[in-house]
Amino acid sequence: MLCAYILNTTVTLQIWSHFVRSKLIKKTPNRKMEMHRLPLPELRDDKHRHKQCNGNENSNRFRPPKYKGRLSQGGYVAVENNNGANNSQSLGSCSAHNSSNIAHAISFRGVEFPDANTLPASPNVQQDASSTDFGDQSHFELCFERLAKLGEGSFGEVFQVRDRSDGRLYAVKISKQLFRGEQYRAERLEEVRRYEEFSGHENCIRFIRAWEQYDRLYMQMELCRESLEQYLLRCQQIPEERIWHILLDLLRALKSLHDRNLIHLDIKLDNVLIGEDDETCKLADFGLVIDVDRANSQHATEGDSRYMAPEILQGQFSKAADVFSLGIAMLELACYMELPSNGPLWHELRRGILPEEFIDKISQELQLVIKSMMMPDPAARPTTDTLLSHPKLQRMQENQKSLITSRSFRKSRRVVYGKVCNWKSFAYRCLFYLLEILHLYKPISPSQPTITPAPSSPTTFLAAVPRVEFQLVGSTPITNRDCYASDFLTGDDELELSKQETPHVINSTPLNHNQGKSRLDSSRRSSLGKTIPTLELDSPYSNVASLKLFETSSFRRKKLFVLDYDDE
Ligand SMILES: Nc1ncnc2c1ncn2[C@@H]1O[C@H](COP(=O)(O)OP(=O)(O)OP(=O)(O)O)[C@@H](O)[C@H]1O
Ligand SMILES: [Mg+2]
């Protein structure tokens, strides 16, 4: 009996001591104990990670610590999203301790660019701010609609997206690998610093913002048409004048890097993008950019072997290496030549032997420039400044300058004229107002428009129909921008096309300026055009026009509603 009592008391005491110990440990965690736990295996799959973080508070222990505020040595600002609702967007299913699940803005721009240090609230969050359960949706998924994949490199995947807040199109690069550790993360974040640094340059990609979430880096930037690689594959034969322009753009971009003692180390056709204007070339992918001095003292990463300068094999990193890469890229572009990544031809190209069957296709002037850029000895290669002072490139720069001057002159003339017109109309209005007060002028009261029966002549018909303003969406086929629905429609409700019983399509202003015709050749028209069945073209002028719906081939894929005129 006594034994049973003692045993019972011991067990109870043990349970109590265990309970008290576990409570104490929870309040004051034993750091040593935590540190001696075996590390968790790194999980690559996001889904697995999320499941784990649901059930395990310590799942974030072996992730790199998150920096809050500015680092001492020229560090970055990693700011938690200021929007309260946004902060909780990914906490719906994960522990609040998991800071990598919260989207952090990344910026090196400092306090003078407050926008860069905060993430905009996602439209979904604004809609339902009371709710904290946003599921597993990341900031990217909440704020952007993913439209297409634009490309992929060794570090990231790039998507064409639509920003839900402003409806505009952008490119977002998402790092392919999860941050493996603080060193790897710091390397990836360096790209943000460089993108921000060169964002204002005409020949570098315009950068919007960056953030990190779920141990990945996201970079939002301007959307470009295509890379030079894609452009070359599409065009194959690029006119030499265009090659010179591309060279000029890239030399300018490279000069701005070299002036800051930085080297790109990854110049190649894939990393040059063509801007929205379809002309300007922009340098992208600043992932390997490094300070020249640091490159030789520390480990710098070499880029694509097809474009690599020979001295990189000996670990010599210099500005001349970038000049070599640009030279060989120009050779590829001008001669439509596939560059080897190794083998005898690789070595020949680096000994200054350029295959004649390719190089003979281009002018002596361009040949000399490319050969000088590809000199085996880095010290013998021209600098970006020397290259920019080449007579041909000088002439081109002067032409561009005078073009810009005349363009800005025309623009300012338009602005001044607009302002004068505004003042004129303001003065007239004042005058009429004064005359009205003095009873010297009486404004005519608007009368109800009367719709006359069917016209006997086109001119009387046109005068009778009230003019409803109608703006054609999209690009160029018809240059007179303002067309009027009443020019080609009749009926009770001019704007509802489907309700039109027998609409009249008449020979109106757009036809007189028959610009749409030259844009699309007839074969393309017949394949793209879809006549709208509800429109019967029984007007006296229907022999000249029909209404068609086109889909443009522009990369923005806007649906355009254009008028097309059939002659037959
Ligand atoms: N802003 C953009 N607009 C359109 N396409 C883009 C844009 N940025 C990148 N791309 C496309 O995505 C591809 C990969 O992008 P990027 O070169 O930045 O990735 P990466 O992983 O760093 O590449 P790399 O293997 O060269 O290091 C580019 O070659 C280009 O085709
Ligand atoms: Mg790249």
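You'll find the structure just up there.
Let me sum up the structure you'll find in this document. (Residues numbered from 1 in each chain as written. Chains lettered and ligands numbered in written order. Predicted model: local features only at pLDDT ≥ 70, side-chain atom pairs only at ≥ 80, totals over all residues. Heavy atoms only, no water.)

Some points on the environment of Ser372
- Structurally, the position occupied by Ser372 is in helix H14 (residues 364–373).
- Leaving out residues up to four positions away in the same chain, Ser372 has contacts with Arg381 and Pro382.
- Separated by 2.7 Å, the side chain of Ser372 and the backbone oxygen of Val369 make a polar contact. (Helix = DSSP H or I, 4+ residues; strand = E, 2+ residues; numbered from the N terminus. Contact = heavy atoms within 4.5 Å. Polar contact = N/O pair within 3.5 Å; in protein donor to acceptor, adjacent residues only side chain to side chain.)

Details of the pattern of salt bridges
- As enumerated under the stated definition, the model contains 21 salt bridges in all.
- For Lys149, the salt bridge is made with Glu152, and the minimal N-O distance between the two is 2.7 Å.
- For Lys149, a relative accessible area of 41% puts it in the partly exposed group.
- Glu152 sits in the partly exposed class, given a relative accessible area of 47%.
- Linked through salt bridges whose partners overlap, the residues forming this network are Glu190, Arg193, Arg194, Glu197 and Arg260. (Salt bridge = Lys/Arg side-chain N within 4 Å of Asp/Glu carboxyl O. Buried < 20%, exposed > 50% of the residue type's maximum accessible area, 1.4 Å probe, protein only.)

Considering the site of ligand 1
- By nearness alone, 20 residues border ligand 1, and Ser154, Phe155, Gly156, Lys173 and Asp270 come closest of all.
- The contact in question runs from an oxygen atom of ligand 1 to an N or O atom on the backbone of Ser154, over 2.7 Å.
- Note that a nitrogen atom of ligand 1 is positioned 2.8 Å from one of the backbone N or O atoms of Glu222.
- By residue number, the principal contributor to the shell around ligand 1 is strand S4 (residues 144–152), which donates three residues.
- Per-class residue counts for the shell around ligand 1 are seven nonpolar, six polar and seven charged. (Near = heavy atom within 4 Å. Nonpolar A, V, L, I, M, F, W, Y, C, P; charged D, E, K, R; others polar.)

Description of the environment of Leu257
- Locating Leu257 in the fold gives a position in helix H9 (residues 240–259).
- The class for Leu257 is buried, based on a relative accessible area of 0%.
- The sequence separation of Leu257 and Val289 amounts to 32 residues, and the corresponding C-alpha distance is 8.9 Å.

So, the nonpolar core
- Core analysis: the largest hydrophobic core is formed by 84 residues, its most contacted members being Leu228, Leu247, Leu326, Met330, Leu331 and Leu333.
- Counting residues per element, this core draws most heavily on helix H11 (residues 319–335), at 11 residues.
- Mapping this core onto the domain boundaries places at least three of its residues in each of domain 1 (141–223) and domain 2 (226–399).
- Counting 14 residues, the second-largest nonpolar core is a separate cluster that includes Phe140, Phe159, Val172 and Tyr218. (Core = buried A, V, L, I, M, F, W, Y, C linked by side-chain atoms within 4.5 Å. Domains from an automatic or database assignment.)

Considering the coordination of the magnesium ion (ligand 2)
- Protein ligation of the magnesium ion (ligand 2) involves Asn271 (OD1) and Asp285 (OD), the donor distances falling in the range 2.1 to 2.3 Å. You can see Asn271 sitting in the loop between strand S10 (262–263) and strand S11 (272–274) and its partner Asp285 sitting in the loop between strand S12 (281–283) and strand S13 (290–291), a full 14 residues away along the chain. (Donors = N, O, S within 2.8 Å, 3.2 Å for Na, K, Ca; no water.)

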